[in-house]
Amino acid sequence: MTPAQIPAEERLTNLVVALMATEIGLTKQQILDNVSGYRQRIEAGAKPDSLEKMFERDKDELRALGMPVETIGDPLDPQDLREARYRIPQTEYDLPADIEFSDAELAVLRLAGSVWSSESVSADAQSGVRKIRALGIDGDEPIIGFAPRIAVRDAAFPALQEGIERNRVVVFEYLKPGEDAPTRRRVRPLAQVEYEARWHLFGIDLDADGERTFLLSRIVGDVKVTGQTFDSALRDGAAERALAGLAAVAASQHALLEITPGTEAALRLSRRGAPAVQGILVPYVDKHIFADELATYGPEVRVVEPADLRHAVIERLRAIVAAHGGGVEAS
Amino acid sequence: MSSAPLLAADRVRLYLTLVPYLLERGQVTLEEAAAEFGVTTAQMRAMVEKLTVIGLPGDSGYWQLPQEMFDIDWDLLEQHGVIEITNDVALRRVPRFTAREAAALLAGLQLVAAVPAVADSGLVHGLMAKLSRGSSDAPLDLLVAPVDVTEVQQVVSRALHDGVAVAFRYQAPDAAPTTRTVDPRQILMADGQWYLQGWCHLRQAMRTFHLDRVSEARLTEIPITHGDAPVSASFGGATDVGHVTVRLPERLLSLLGAFPHEEIDRADGVVTVRLSMADPRGIKRIAGRFGGALEVLEPSVAHVATRDWASAALDLYNVPESRSARVD
């Protein structure tokens with residue numbers, strides 16, 4: 001078989017097998033000489049440089065798949081990787097033997113894994129479920145009657161996931177409502193949080209030098225994952241902090257609304273609010289998003305205060321009337 | 001990222017779980033394994049055949065010995081389409097969850113924790129701990145904010161569980177409230193909202209009910225009779241009778257979300273779509289979300305309803321902007 005005919009997955013899988021079979025680790029040279037997929041290329045006269053690069057890429061690929069590829073360097077000079085040995089320690093690779101799953105638990109996880117509308121996240125969830133199936137668990141009858149769904153409609157989502165996973169700074173254009181042009185943001189991405197059916201990125205804005213929460217729907221164009229890394233410890237507890245932050249904003253910000261009883265607005269809003277002397281007080285996180293919702297209720301709701309929210313709603317209503325020929329017809 | 005290396009990575013990932021799966025189960029048909037791993041039987045066959053070229057590293061100049069390679073029962077595969085590994089050299093144990101796998105399942109668990117059957121099971125916290133501990137790296141932070149389960153949601157879930165009809169008051173937008181008796185079929189949880197899909201005794205048809213619009217829900221003693229009627233995949237379902245054509249910027253298309261729509265035209269960043277709606281005038285509410293960026297084209301009754309709806313709302317603020325041309 002010529003080297004070109006050996007597909008990458010065959011070489012990579014052979015590499016995994018080799019790295020797991022060794023206790024003391026294999027040097028780069030041993031791998032290139034002996035592992036099927038590299039060996040044939042050496043024999044066919046491929047340049048050592050290009051093969052070494054191939055091995056570096058393969059190693060990264062395996063790490064991206066979650067393989068604990070360990071590098072054992074020279075204890076006297078850890079920076080010197082010429083004689084480094086590589087291996088995958090069985091104890092770090094195997095699902096710990098004391099983690100067991102019951103049939104009932106698998107049924108719950110199957111439901112949990114079925115919720116994603118995003119293909120990539122759904123594939124990850126299914127792959128996780130399969131590992132439990134491979135343990136020999138068949139699972140109880142599926143939980144029927146419930147169809148929970150998590151929609152991920154934002155194009156930015158997968159790239160941000162990648163940035164979080166690899167601890168890389170991401171760069172994107174962010175357009176705030178009311179601003180004419182998007183601004184460039186450089187962010188250490190820490191967590192993605194779904195709150196009130198919208199995805200938020202929580203991270204450290206490098207220019208503002210502080211933790212910020214971004215709405216994915218306001219990201220314009222592609223997200224770039226840079227080569228700049230950060231300490232993964234920054235991610236600890238990030239999602240909880242993000243959620244607490246959003247909840248704190250909602251708790252500190254209330255709109256006073258007058259609502260016509262018995263209407264759609266009354267049904268949807270009174271559930272979230274508390275009665276006040278004149279109308280109802282409803283907490284909200286983002287002025288623009290809340291104004292978008294309030295505009296859908298038309299004359300069923302009137303914003304008493306705050307003034308900026310009232311203004312935002314009026315602005316939207318005017319634009320709708322204008323877009324539908326309001327002024328023209330009236331004259 | 002090009003698709004070729006991704007494909008290779010997917011296959012490697014598949015092997016790592018396929019081998020322990022096959023070893024655990026002994027003999028598995030191609031069809032069963034293909035279904036389990038979400039590939040075609042032809043792909044599964046190729047994967048299994050390729051497994052036999054995987055093995056321990058050889059020594060320079062020597063070919064690997066047969067016992068150092070994976071092998072399968074070829075006769076069984078060729079004659080009966082059944083996979084059995086007859087020699088295995090590694091990959092016997094199930095690998096840990098990747099950070100992504102754990103994250104996807106953890107976030108899914110946060111959502112399904114509100115499903116009564118799951119909540120009653122008391123398994124969620126234990127599962128979360130197992131997934132985190134079984135993950136190769138700290139799971140990515142992916143979090144779905146928990147939502148309190150309302151009384152209406154509980155009653156409807158109970159009806160579904162007990163297999164009885166549920167009765168409630170339903171307040172659809174722009175309509176008088178009605179009292180409904182419904183054979184529950186499915187509860188849809190999407191975008192933080194709960195919907196009941198079921199057979200409506202009043203309409204004698206499958207209907208979808210937004211639970212925010214449901215009140216005074218109570219269990220009946222009427223057993224479900226139409227529980228197996230087909231459920232429409234989309235929200236509007238069988239109620240769709242009218243169409244509305246709208247034009248909006250391409251970048252805002254995702255705001256239409258799960259609402260059933262069909263694209264008619266796309267040019268210069270502007271999309272024209274047709275929506276299915278029971279009452280075309282209902283578009284006035286959806287249009288509000290777009291603040292003028294969405295224009296209702298047809299039918300004219302929908303166009304007028306949208307304008308009048310916003311205009312009536314403006315009147316509440318005593319800013320007669322809609323008549324500004326005349327006032328000036």
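Residues numbered from 1 in each chain as written. Chains lettered and ligands numbered in written order. Predicted model: local features only at pLDDT ≥ 70, side-chain atom pairs only at ≥ 80, totals over all residues.

With that out of the way, let us pick up the overall build of chain A. A tally of regular secondary structure across chain A gives 13 helices and 13 strands. Here the C-alpha radius of gyration of chain A, 27 Å, is well above what a compact globule of 331 residues would show, namely 20 Å. Buried residues in chain A amount to 39% of all 331 residues. Taking all contacts inside chain A whose residues are at least 6 apart in sequence as the whole, residues at least 24 apart take part in 58%. (Helix = DSSP H or I, 4+ residues; strand = E, 2+ residues; numbered from the N terminus. Rg over C-alpha atoms; globule rule 2.2 N^0.38 Å. Buried ≥ 20, exposed ≤ 12 C-beta atoms within 10 Å, placed from the backbone. Contact = placed C-beta atoms within 7 Å.)

Along its length, chain B carries 11 helices and 14 strands. Counting across all 328 residues of chain B, residues that qualify as buried make up 38%. Counting only contacts in chain B whose residues sit at least 6 apart along the sequence, the fraction spanning at least 24 positions is 56%.

Quick look at unusual backbone geometry now. The residue after Glu305 of chain A, namely Pro306 of chain A, is reached through a cis peptide bond having omega 5 degrees. Note the cis peptide between Glu298 of chain B and Pro299 of chain B, where omega equals -10 degrees. With a phi close to 55 degrees, Asn167 of chain A is a non-glycine residue in the positive phi region. Looking at where Asn167 of chain A falls in the secondary structure, it is placed in the loop between helix H8 (157-165) and strand E5 (168-174). Residue class for Asn167 of chain A comes out partly exposed when judged on the 17 C-beta atoms lying within 10 Å of it. Within the chain, Asp209 of chain A stands out as a residue other than glycine whose phi angle is a positive 55 degrees. Mapped onto the elements of the fold, Asp209 of chain A is located in the loop between strand E7 (198-205) and strand E8 (210-215). Classification of Asp209 of chain A by C-beta neighbours within 10 Å gives exposed; the count is 8.

Across a sheet, strands are paired by hydrogen bonds formed along the backbone, either parallel or antiparallel in direction. All names here are of chain A. The strand order across the open sheet formed by 3 strands is E1-E3-E2, and the pairing between neighbours is antiparallel. Unpaired on one side and paired on the other, strand E1 (26-27) and strand E2 (70-72) mark the two borders of the sheet. Sheet topology places E2 next to strand E3 (residues 85-87); 3 bridges connect them, and they run antiparallel. Each residue of the ladder has a partner; that of Ile72, found in E3, is Arg85. (Pairing = 2+ DSSP bridges.)

Core analysis: the biggest nonpolar cluster contains 83 residues, and Val108 and Ala191 of chain A together with Leu105 and Val112 of chain B have the highest contact counts within it. For this core, the element with the most residues is helix H5 (residues 99-112) of chain B, which contributes 10 residues. Non-local contacts of Leu105 of chain B, meaning those with residues more than four positions away in its chain, are made with Leu109, Ala112, Gly113, Ala125 and Gly128 of chain A together with Leu131 of chain B. Membership of the second largest hydrophobic core comes to 42 residues, among which are Val16, Leu19, Leu26 and Val69 of chain A. (Core = buried A, V, L, I, M, F, W, Y, C linked by C-beta atoms within 7 Å.)

Looking now at the pairing of strand E12 (residues 279-283) of chain A. Residue and element names in this part refer to chain A. Bridging between strand E10 (residues 254-259) and E12 involves 4 bridges; their strand directions are antiparallel. In the sheet register, His254 faces E12, and the bridge partner there is Pro283. Pairing between strand E11 (residues 274-276) and E12: 3 bridges, direction antiparallel. Residue pairing for E12: Ala274 is matched across the bridge by Leu281. Between E11 and E12, which pair antiparallel in sequence order, lie 2 residues.

The subject of this paragraph is the packing of helix H6 (residues 103-113) of chain A against H5 of chain B. In contact at an axis separation of 8 Å, H6 of chain A and H5 of chain B are set at 100 degrees when each is read in the N-to-C sense. Taken together, the axes of H6 of chain A and H5 of chain B lie roughly perpendicular to each other. Taken together, the residues of H5 of chain B that come into contact with H6 of chain A (itself represented by Val108, Leu109, Leu111, Ala112 and Gly113 of chain A) are Leu105, Gly108, Leu109 and Val112 of chain B. Looking at the contact of H6 of chain A with H5 of chain B, its residues break down into 7 nonpolar, 2 polar and no charged. (Axes fitted to C-alpha atoms, helices over the stretch in contact; angles between N-to-C directions. Parallel < 35°, antiparallel > 145°, perpendicular 65-115°, else oblique. Nonpolar A, V, L, I, M, F, W, Y, C, P; charged D, E, K, R; others polar.)

Attention now goes to the domain arrangement of chain A. Entries for chain A in the domain assignment read domain 1 (3-93), domain 2 (96-151), domain 3 (157-243) and domain 4 (253-326). A C-alpha centroid distance of 33 Å is found between domain 1 of chain A and domain 2 of chain A. (Domains from an automatic or database assignment.)

The subject of this paragraph is the confidence of the model for chain A. The predicted coordinates ought not to be read in detail in places where the model reports low pLDDT. With 95% of its residues at a pLDDT of 70 or more, chain A has an overall mean of 88. Ranking the elements of chain A by mean pLDDT puts helix H13 (residues 326-330) of chain A last with 48 and E5 of chain A first with 95. (pLDDT = per-residue confidence, 0-100.)

Okay, the interface of chain A and chain B next. The interface of chain A with chain B comprises 95 residues on the first partner and 104 residues on the second. Taken together, the residues that form the side of chain A that touches chain B break down as 53 nonpolar, 19 polar and 23 charged. Relative to strand E5 (residues 142-144) of chain B, strand E6 (residues 183-195) of chain A runs parallel, the two being bridged by 3 bridges. Within the sheet, the bridge partner assigned to Val193 of chain A lies in E5 of chain B and is Leu143 of chain B.

All names here are of chain A. Taking 1.5 Å of rise per residue, 16 residues should cover 22 Å, and helix H7 (residues 119-134) covers 22 Å from first to last C-alpha, within 8% of that figure. Every buried residue of H7 is accounted for by Val121, Asp124, Ala125, Ser127, Gly128, Val129, Arg130, Lys131, Ile132, Arg133 and Ala134. Count one or two residues on from H7 and you reach Gly136, which has phi positive near 100 degrees. (Expected span 1.5 Å × (residues − 1).)

So, on to the sheet that holds strand E14 (residues 295-298) of chain B. Residues and elements named next belong to chain B. Here we have 4 strands laid out as an open sheet, ordered E12-E13-E11-E14, and antiparallel in their pairing. Strand pairing shows two members of the sheet lacking a second neighbour, strand E12 (261-267) and E14, which therefore form its edges. Each neighbouring strand pair of the sheet contributes to a mean axis angle of 25 degrees, computed without reference to strand direction. Pairing geometry for strand E11 (residues 242-249) and E14, over 3 bridges, is antiparallel.

Residue and element names in this part refer to chain B. On average, residues of chain B score 84 in pLDDT, and 89% of them reach the 70 mark or higher. Overall, residues 1-6 carries pLDDT values under 50, and its contacts beyond four positions in sequence, including any with other chains, amount to 3 contacts. The low-confidence segment residues 321-328, where pLDDT is below 50, has 18 contacts with residues more than four positions distant or belonging to other chains. Model confidence for the complex is summarised by a pTM of 0.83, with the ipTM given as 0.85.

All right, on to the pairing of strand E8 (residues 193-200) of chain B then. Residue and element names in this part refer to chain B. E8 sits mainly inside the fold: 7 of its 8 residues count as buried. Across 8 bridges, strand E7 (residues 178-190) lies against E8 in antiparallel orientation. Residue pairing across strands places Gln186 opposite Gln197, the latter belonging to E8. Taken together, the 6 bridges between E8 and strand E9 (residues 205-210) define a ladder with antiparallel strand orientation.

Looking now at the environment of Glu49 of chain B. Mapped onto the secondary structure, Glu49 of chain B falls in helix H3 (residues 41-51). It is 51 Å that separates the C-alpha atoms of Glu49 of chain B and Ala205 of chain B, two residues lying 156 residues apart in sequence.

Residue and element names in this part refer to chain A. At a closest axis distance of 9 Å, the pairing of H6 and H7 adopts a crossing angle of 165 degrees. As the angle between them shows, H6 and H7 are arranged roughly antiparallel. The way H6 lies across H7 gives a crossing that is left-handed. Only Ala125, Gln126, Gly128, Val129 and Ile132 of H7 make contact with H6, whose side of the interface consists of Leu106, Leu109, Arg110 and Gly113. Its residues assigned to classes, the contact of H6 with H7 shows 5 nonpolar, 3 polar and 1 charged. (Left-handed = near helix turned anticlockwise from the far one by under 90°.)

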